[in-house]
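Topology and contacts: notes
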Amino acid sequence: MSDLAQYIRELTVLLVPLLFTITCHEAAHGLVANMLGDPTAKLAGRITLNPARHLDPLGMLIMIIPPHIGWARPVPVDTRYFKSPRTAMFLVALAGPMANVLVACLCAGIFHAIASLPVEDPNGLAVRVLVPIATMAHAGVYVSLLIGAFNLLPIPPLDGSSILARFLPERLAETYLSLGRYGILLVIGLLFLGNLVGFSILGTLLFPLVERGAWLLGVSPSF
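Below or above, wherever it landed, is the structure these notes cover. (Residues numbered from 1 in each chain as written. Predicted model: local features only at pLDDT ≥ 70, side-chain atom pairs only at ≥ 80, totals over all residues. Heavy atoms only, no water.)

Structural notes on the overall build of the protein chain
Under the convention used in this document: Helix numbering and strand numbering both begin at the N terminus, where a helix is a DSSP run of H or I of at least 4 residues and a strand a DSSP run of E of at least 2. In this setup the radius of gyration rests on C-alpha atoms only. A globule is expected at 2.2 Å times the number of residues raised to 0.38. Whether a residue is buried, partly exposed or exposed follows from its accessible area with a 1.4 Å probe, protein chains only, as a fraction of its type maximum: under 20%, in between, or over 50%, in that order. Throughout, a contact is declared for two residues whenever any of their heavy atoms are within 4.5 Å.
The helix and strand inventory of the protein chain stands at nine helices and zero strands. Relative to its length of 223 residues, the protein chain is compact, with a C-alpha radius of gyration of 19 Å against a globular reference of 17 Å. For the protein chain, the C-alpha atoms occupy an extent of roughly 65 × 40 × 30 Å along the three principal directions. Residues counted as buried form 41% of the 223 residues belonging to the protein chain. Taking as baseline every contact in the protein chain between residues at least 6 positions apart, the subset at least 24 positions apart corresponds to 71%.

Written as structure tokens, this is what we have:
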């Protein structure tokens, strides 16, 4: 029972930064697409910080399973609006992970600001309010960087595949991106396999990068 209570507590701390970073990630895709001439996401109401507009049921379910990497509904993009579709898709794809970096910086700023405050009464109301916020901000740094790094993996349909496709010959890029229908199944398989065997392939690839990014922001794993 204590393990379950600990898991629920950890999930509660992670839920707010998870929803926020995924929402910013998807909204950034739509915002950049709109700036480049495609209003599809804007018309669909996807350039918003309302998480309900972005959540995917299966992605949300995967989110509650360690290492807590999920996904949202893809932002609709119509490349016919773009003057240079390949370059535009590169920029639209890159916008998501870049939004995650900005969210990580924001969370790090909040964490450092709270940590620098003087503590007059360890049991006071201010501490009881600020400690949970600092805890979520600390988690937000790692969650944001992890989701950003995850999306940079060159597995279609993750953002990394659209970024890589920009540098491939056009025909090869089309074939590569067409594998997106199987990519999510591969990712889910890797996540569940990691939980079964106790060795996370994705975690081994991503965690060192995430820890390095957190270190650059002055945030250590322990809090």
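Now, onward.
Digging into the layout of surface pockets
Using the following cut-off: Think of a 1 Å grid over just the protein atoms. A cavity is a set of points where a 1.4 Å probe fits yet cannot get out, a pocket is an open set with protein on both sides within 12 Å along at least five of seven lines, and lining residues have an atom within 4 Å of a point. Grid points are joined across faces, edges and corners, and a volume is the space filled by probe spheres set on the points. When residues are grouped by polarity, Ala, Val, Leu, Ile, Met, Phe, Trp, Tyr, Cys and Pro land in nonpolar, Asp, Glu, Lys and Arg in charged, and all others, Gly among them, in polar.
Volume-wise, the second largest pocket comes out at about 540 Å³. As for the second largest pocket, its lining consists of 23 residues, and the residues nearest its centre are Glu26, Pro74, Val75, Pro157 and Asp159. Mapped onto the lining of the second largest pocket, the elements with two or more residues apiece are helix H1 (2-35), helix H4 (85-115), helix H5 (125-151) and helix H6 (159-165). For the lining of the second largest pocket, the element with the most residues is H1, which contributes four residues. Across the lining of the second largest pocket, the residue classes break down as 13 nonpolar, six polar and four charged.

Some points on the nonpolar core
So the rule is basically this: By nonpolar core we mean a set of buried residues, namely Ala, Val, Leu, Ile, Met, Phe, Trp, Tyr and Cys, connected to one another through side-chain atoms within 4.5 Å.
One finds Val141, Phe150, Leu153 and Val187 to be the most contacted residues of the largest nonpolar core, which totals 25 residues. When contributions to this core are tallied by element, the ones reaching two or more residues are H4, H5, helix H8 (180-197) and helix H9 (201-216). Ranked by the residues each element gives to this core, the list is headed by H5, at eight residues. Discounting chain neighbours no more than four positions away, the residues touching leucine 153 are Leu158, Gly160, Ser161, Leu202 and Leu206. Counting eight residues, the second largest nonpolar core, distinct from the first, contains Val13, Leu18, Ile22 and Ile147.

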